[in-house]
Amino acid sequence: MPTLLSPFDLGGLALPNRVVMAPMTRARSPDTVPGQSMARYYAQRASAGLIITESTQVSAQGRGQRDTPGIHTAAQIAGWRTVTDAVHRAGGRIVVQLWHAGRLSHGRLLPAGQAPVGPVAGAADGATVHGYGPDGTPAQVPVATPLALDLAGMHRVIAEFREAARNAVAAGFDGVELHAGNGFLFEQFINAGLNTREDTYGGAPIANRLRLLLETVDAVVDAIGRARVGVRITPFGHLGGLGPFDAEKATWLGLAGALCQRRIAYLHASDLGPAAFQRDLRKTFGGAFMLAGGYTPASASAAIAAGAADLVAFGRPYIANPDLVARIRHDWPLAEAGKEAFYGGGERGYTDYPPYSASRTAA
Ligand code: FNR
């Protein structure tokens, strides 16, 4: 029977264990270019079966927070190359989470103060982002009202993801994960409450609301191969101003079925609803299934043993425990992360968490 620490074949990529580092925005790229400190941070965590990077914008228009990295310029690709080299030298595997924030953005985060884009011209009421105030200093700001994407705009988004996937391979990544959760662009299209478009990319038909994501998956698969592509979703998460909608379960199961046909490397789900839905989703997808959200080593081991998932992603535990796999293996205690350094800052609260053996020696 598989355990959390037994190996897994992820589309031909040999993972030594099933412990995944979940994608986490840490906002350490002031110029959108990954630097040495990010290389150090990810390399420290290379014993994970798989590392998924923080959300990484596929274009300047896709950015939704300050100090996040991109993967659409030569400098960004070169920066990421130092990260992937460091992780690979340390014996790890790493995929990049490709991200378009859609309407969850603000003019001062975008080129020449452009408006963000979305399926419709409706802002996320009450949502804010880490952006810049009117004087250009860092501030929490309300999201702007987006422009509804037209057909050319949607084709541009798809092309940006295709190009970003190619850039990811050029930067040395082992694959890509498309971010279709947390209320960002793809989920804005999937959500029937928001996406009331009257063309073939919106409205009541489930296939319409899945179309932008699936056409993007197809473009990315065409560019780099199905074995290197994963998708992350947060069904019932309702983040970023999205709400419940009719046929919600059927929509997510429809997506799982469409991704099953495409035989991509994995489906990654967080903030899932009831256990029965989780089982249906796994069964409908049929391929490698990753769960995330509030797991402890014990609950993750139980999920693997019960066959609920093939892989479990840990977010917050990876912030303070670079050697999480060793701590699980030896049943060592986990350190707690201080929230104040989650987003932005320097090395403190980022690369200065020691492995357990070192912390014990120091004590
Ligand atoms: C996150 N999460 C997240 N998810 C994602 O898909 N892309 C991202 O960039 C981020 N960024 C991020 C930053 C920080 C500081 C946290 C704490 C979380 C969500 C994350 O991947 C995970 O799903 C949640 O943290 C829940 O798992 P844990 O932390 O309970 O293991």
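Because the structure is predicted, anything quoted here is derived from the model rather than measured. Numbers given for residues are sequential positions, taken from 1 along each chain in its written order. Totals for whole chains, interfaces and linings use every residue, but because this is a predicted model, local features are given only for residues with pLDDT of at least 70 and side-chain atom pairs only at 80 or more, for both listing and counting. Calculated side-chain values reflect all of the structure's heavy atoms, with hydrogen atoms and water omitted.

**Comments concerning the overall build of the protein**
Consideration 1: When helices and strands are tallied, the protein shows eleven helices and 14 strands.
Consideration 2: Within these notes, the globule rule equals 2.2 Å times the number of residues to the 0.38 power, and the radius of gyration is based on C-alpha atoms. Radius of gyration (C-alpha) of the protein: 19 Å, near the 21 Å computed for a compact globule of 363 residues.
Consideration 3: Each of the three principal axes of the protein carries a C-alpha extent, and together these read 60 × 50 × 35 Å.
Consideration 4: Only protein chains enter the accessibility calculation, which uses a 1.4 Å probe; a residue whose area is less than 20% of its type maximum is buried, one above 50% is exposed, and one in between is partly exposed. Within the protein, the fraction of its 363 residues that count as buried is 56%.
Consideration 5: Taking all contacts inside the protein whose residues are at least 6 apart in sequence as the whole, residues at least 24 apart take part in 69%.
Consideration 6: Each accessible area is a Shrake-Rupley estimate made with a 1.4 Å probe; only the visible protein chains count as cover when residues are assessed. Accessible surface, the protein: about 13800 Å² in total, of which carbon and sulfur atoms supply 55%.
Consideration 7: Distance between charge centres in the protein, computed from 33 positive and 29 negative side chains, equals 4 Å. Where helices and strands are cited, they refer to DSSP runs of H or I of at least four residues and of E of at least two residues respectively, numbered from the N terminus. Contact criterion: two residues are considered in contact whenever any of their non-hydrogen atoms come within 4.5 Å of each other. Counted as positive: Lys and Arg. Counted as negative: Asp and Glu, with His and the chain ends omitted from the count. Each charge is placed at NZ for Lys, CZ for Arg, CG for Asp and CD for Glu.

**Focus on the pairing of strand E7 (residues 128-132)**
Consideration 1: With five bridges connecting them, E7 and strand E8 (residues 138-142) associate as antiparallel partners. Opposite Gly131, over in E8, you have Ala139 as the bridge partner. When DSSP finds two or more bridges between two strands, those strands count as paired.

**Here's the deal with the sheet that holds strand E3 (residues 19-21)**
Consideration 1: Overall, parallel pairing links the eight strands, which are arranged E3-E4-E5-E10-E11-E12-E13-E14 in a closed barrel. Between one strand axis and the next, the sheet turns by 25° as a mean value, whatever way the strands run.
Consideration 2: Pairing of E3 with strand E14 (residues 311-314) involves three bridges; the strand directions are parallel. Bridge pairing links Val19 to Val312 in E14.
Consideration 3: Note on method: axes are straight lines fitted to C-alpha atoms, helices fitted across the in-contact stretch only, with angles between N-to-C directions ranging 0 to 180 degrees. Where helix H3 (residues 151-170) meets the sheet, its contacts fall on strand E5 (94-99) and strand E10 (175-179), and the angle it forms with E5 comes to roughly 160°.
Consideration 4: Across the face of the sheet, helix H7 (residues 275-285) comes into contact with strand E11 (229-233), strand E12 (266-270) and strand E13 (288-292) while running at roughly 150° to E13.

**Re the UniProt feature "domain: NADH:flavin oxidoreductase/NADH oxidase N-terminal" (unreviewed entry) in the protein**
Consideration 1: UniProt positions are given in the numbering used here, feature names are shortened, and annotations may be inferred rather than shown by experiment. UniProt's feature table lists "domain: NADH:flavin oxidoreductase/NADH oxidase N-terminal" (unreviewed entry) at residues 4-333, given in the numbering used throughout.
Consideration 2: The span residues 4-333 is 35% helix and 18% strand, and its two end C-alpha atoms sit 17 Å from each other.

**Topic: the pairing of E11**
Each regular strand displays side chains that alternate between the two surfaces of the sheet.
Consideration 1: Counted residue by residue, E11 has five buried out of five residues, so it is predominantly covered.
Consideration 2: Neither face of E11 is exposed, since Val229, Val231 and Ile233 on one face and Gly230 and Arg232 on the opposite face are all buried.
Consideration 3: Note: E10 against E11, four bridges, orientation parallel. Paired with Val176 across the two strands is Val229, which belongs to E11.
Consideration 4: Strand direction decides the pairing type here: E11 and E12, joined by four bridges, are parallel. Following the sheet pairing, Ile233 is matched in E12 by Ala269.
Consideration 5: In this view, the connection linking E11 to its parallel neighbour E12 by way of helix H6 (residues 248-262) has right-handed handedness. The handedness rule is simple: strands pointing away from the viewer, and a clockwise path from the first strand over the helix to the second, make the crossover right-handed.

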